[in-house]
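Chain by chain, the residues:
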Amino acid sequence: MKKLYPAIPLLVLVLLVGSWGVHHFAQHRLEAGIADFRASIGPNATFSYATARPRTLARGAHFTAVTYHNPAMTLIAADVRLGGLTGNNVQGEKIGSIVLRDVKIMTQTSTISLDEVDLRNLVLPNTDRASADASRPLGFDSLVLDDGTFINMHLAVPTSQTDVTVARMTVAQYGMGRTSHLDLDRLATQINLTPTRRISVDHIKIDGPDFASEVASLIQSGHLIHESHPHTMDLKKVEIDSTHPMLQIDHVATSSFSTATEDKMDTTLGNLTLWSTGNDNQTILNAFGYDHFNGNIHINSTSDRSAGRVHLEPMTIESADMGNLTVVAELDQIPFDDMAIIPETARIVSAAMTWEDHSLASHVLAGLAKSRNTDPEIYRQNLLASLAASDDASMRAMGRFLQSPQDHPLQIALRPMKPVNLMMLGVALSMAGDPSVAAPLGLTISTP
């Protein structure tokens, strides 16, 4: 044992020299990596920091007070930790983990701030180095990411006076051709126009879409791709309000499957409540004496994108207060790439509806009587007499329904000679007693 004592100082010296050598090597690798990164981002971009320390075996680094700037954006982070750096310019740079704290990203149109960003197994795309007149592209469509967590995110878009906050968001399996997952807690959006609108969702979970391919499609064509594998979406506690409550849904669940030309979708809205907007802005709810609608909606649909057609089989609306509606319908001229204009273009090819009434019929009659300044009971009796005396079987069936709505479910069928615009359906039904209107619509009304 005594013979070992003289060797101890030598061992300590070797460890100290070795440690210094490893640190020197790591520091050299870090400086070389920073120089290479600065060269890759081009002359119009800058990268700066307060301190930079290498991590074990030159496989990572710790930066403080980081700023990255190019003509399109500026990123600031109080603290950045990189680990597990591998790969190269040919294979793509791989980062085992990257954690950013107190992050702010600023563009000409928006600002994003986050308390923390935690990314695992990130692969940066192998893109060309930036040229003298262009910054290196961000390449969000071609990134690969196993897991990403974003804490307390706030997005501000001054031009649209919109603010969005997210308490926590996680993304998993992001990358071209990957089945991705999104989990989001406490989304809140405020649109500061007049009147102010607020939208909130307690929880969002989406499984199945290829997010990276959809981003690539948006960048390249402005449209989302139509994916050919199942995906689901689940939302909890959706709310929209302004100066008054407008909409609330306890639960939204959607599952879908797509092929090259067809989409099959099943959607449920659980405990949906819609409020009227008040007496100063009349709605259908106001006109019929309701201050809100509450119920459940279930839609089962098949869409043929190549033909621009949608088949509903069925759509059901169940309201304990108003009644229950079941619809089977065929629609055409559906603009799948611009769904916002559906009301303008969509047409009804055929439809069959069944209505089981709880209170809507009496509310409609009272509303019609009020609009004509007529006593509701007198209006009702005159209408029943007119319908009973009609030569048209559909009008007599309508009379039987209105005489005792709870006892006679109402069945309406539409088989128009030519498809009728969706926006014109209400007008057409209001003129159902006119044979010149009912016949071209193929309109029939019956009570079982």
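Please read all numbers here as calculations on a predicted model, not as lab measurements.

Asker: Could you give an account of the overall build of the protein chain, naming the residues involved and the relevant values?
Answerer: Counting secondary structure elements, the protein chain contains nine helices and 20 strands. Counting across all 448 residues of the protein chain, residues that qualify as buried make up 36%. The contacts in the protein chain between residues at least 6 apart in sequence include a share of 51% that link residues at least 24 apart. Surface summary for the protein chain: the accessible area is close to 25,100 Å², and the carbon and sulfur share equals 60%.

Asker: Can you break down the packing of helix 5 (residues 360–371) against helix 6 (residues 376–388) residue by residue, with the values?
Answerer: Interaxial distance between helix 5 and helix 6 falls to 9 Å at its minimum, and their mutual angle equals 105 degrees. Relative to helix 6, the element helix 5 is oriented roughly perpendicular. Here Leu365, Leu368 and Ala369 of helix 5 come into contact with helix 6, specifically with Pro376, Tyr379, Arg380 and Leu383. Here the contact of helix 5 with helix 6 is composed, by residue class, of six nonpolar, no polar and one charged.

Asker: Could you give me a rundown of the pattern of salt bridges, with the residues and numbers involved?
Answerer: One pass over the full model with this rule turns up 13 salt bridges. For the salt bridge of Lys237 with Glu239, the shortest nitrogen-to-oxygen distance reads 3.7 Å. The exposure class assigned to Glu239 is partly exposed, which follows from its relative accessible area of 25%.

Asker: Describe the side chain of Asn70, naming the residues involved and giving the relevant values.
Answerer: Looking at the element boundaries, Asn70 is found in strand 3 (residues 61–70). Using a relative accessible area of 4% as the deciding quantity, one classes Asn70 as buried. A polar side-chain atom of Asn70 sits 2.7 Å from the main-chain amide nitrogen of Ala72. A polar atom in the side chain of Asn70 sits 2.8 Å from the backbone nitrogen of Met73.

Asker: Any details on the packing of aromatic side chains? Residues and values, ideally.
Answerer: Enumeration over the complete set of coordinates arrives at three aromatic pairs. Aromatic side chains Phe47 and Phe63 sit 5.8 Å apart centroid to centroid with 80 degrees between the ring planes, which places their arrangement in the edge-to-face category. Of this pair, Phe47 sits in strand 1 (residues 46–48) while Phe63 sits in strand 3, and the two are 16 residues apart along the sequence. For Phe63, a relative accessible area of 6% corresponds to the buried category.

Asker: Before we move on, can you summarise the environment of Ala212 with the specific residues and values?
Answerer: On the secondary structure map, Ala212 appears in helix 2 (residues 211–221). Along the chain, Ala212 and Arg178 lie 34 residues apart, while their C-alpha atoms are 7.9 Å from each other.

Asker: Help me get a handle on the packing of helix 6 against helix 7 (residues 393–403), residues and values and all.
Answerer: The description of two helices packed together rests on the angle between their axes and the distance between the axes. Interaxial distance between helix 6 and helix 7 falls to 7 Å at its minimum, and their mutual angle equals 145 degrees. Relative to helix 7, helix 6 is oriented so that their crossing is left-handed. Packed against helix 6, whose contacting residues are Arg380, Leu383, Leu384, Leu387 and Ala388, the element helix 7 presents Met395, Arg396, Met398, Gly399, Leu402 and Gln403 at the interface. Broken down by class, the residue content of the contact of helix 6 with helix 7 amounts to seven nonpolar, two polar and two charged.

Asker: Outline helix 7, supporting the account with residue identities and numerical values.
Answerer: Note that an α-helix has 3.6 residues per turn; residues three or four places apart therefore point the same way. Taken together, the buried positions of helix 7 are Ser394, Met395, Ala397, Gly399, Phe401 and Leu402. In this fold, the buried residues of helix 7 make contact with strand 17 (347–357), helix 5, helix 6, strand 18 (410–414) and strand 20 (444–446). The N-terminus of helix 7 is capped by Asp392, whose side-chain oxygen sits 2.8 Å from the backbone nitrogen of Ser394.

Asker: Give me the pairing of strand 17: which residues, what numbers.
Answerer: Direction of pairing for strand 16 (residues 323–332) relative to strand 17: antiparallel, over a ladder of 10 bridges. Within strand 17, the position partnered with Asn324 by the bridge is Glu356. Taken together, the two bridges between strand 17 and strand 19 (residues 420–421) define a ladder with antiparallel strand orientation. Following the sheet pairing, Arg347 is matched in strand 19 by Asn421. Alignment of strand 17 against strand 18, held across five bridges, turns out to be antiparallel. What sits directly across from Trp355, in strand 18, is Leu410.

Asker: Please set out helix 5 residue by residue, giving values where relevant.
Answerer: Between its first and last C-alpha, helix 5 extends 16 Å over 12 residues, near the 16 Å set by a 1.5 Å rise per residue. All of the buried residues along helix 5 are Ala361, Leu365, Gly367 and Ala369. Taken together, the buried residues of helix 5 touch helix 3 (284–287), strand 17, helix 6 and helix 7.

Asker: Let's hear about the confidence of the model for the protein chain: which residues, and what values?
Answerer: Residues with a pLDDT of 70 or more make up 82% of the protein chain, whose mean pLDDT is 82. Segment residues 1–25 is flagged for pLDDT under 50; beyond a separation of four residues in sequence, or across chains, it makes three contacts in the model. This stretch, residues 128–138, has a pLDDT under 50; its non-local contacts, to residues over four places away or in other chains, come to 24 contacts.

Asker: Give a detailed account of the environment of Asn121, specifying residues and quantitative values.
Answerer: As for its position among the elements, Asn121 is in strand 6 (residues 111–123). Given the relative accessible area of 40%, Asn121 is considered partly exposed. Sequence-distant contacts of Asn121, that is, excluding residues within four places in its chain, are made with Ile95, Gly96, Val144, Leu145 and Asp146. At a separation of 2.9 Å, a polar atom in the side chain of Asn121 contacts the side chain of Asp146.

Cut-offs used in this document
Residues numbered from 1 in each chain as written. Predicted model: local features only at pLDDT ≥ 70, side-chain atom pairs only at ≥ 80, totals over all residues. Heavy atoms only, no water. Helix = DSSP H or I, 4+ residues; strand = E, 2+ residues; numbered from the N terminus. Buried < 20%, exposed > 50% of the residue type's maximum accessible area, 1.4 Å probe, protein only. Contact = heavy atoms within 4.5 Å. Areas by Shrake-Rupley, 256 points an atom, 1.4 Å probe, with all protein chains shown as cover. Axes fitted to C-alpha atoms, helices over the stretch in contact; angles between N-to-C directions. Parallel < 35°, antiparallel > 145°, perpendicular 65-115°, else oblique. Nonpolar A, V, L, I, M, F, W, Y, C, P; charged D, E, K, R; others polar. Salt bridge = Lys/Arg side-chain N within 4 Å of Asp/Glu carboxyl O. Polar contact = N/O pair within 3.5 Å; in protein donor to acceptor, adjacent residues only side chain to side chain. Phe/Tyr/Trp six-rings, centres within 6.5 Å; stacked < 30°, edge-to-face > 60°. Left-handed = near helix turned anticlockwise from the far one by under 90°. Pairing = 2+ DSSP bridges. Expected span 1.5 Å × (residues − 1). pLDDT = per-residue confidence, 0-100.

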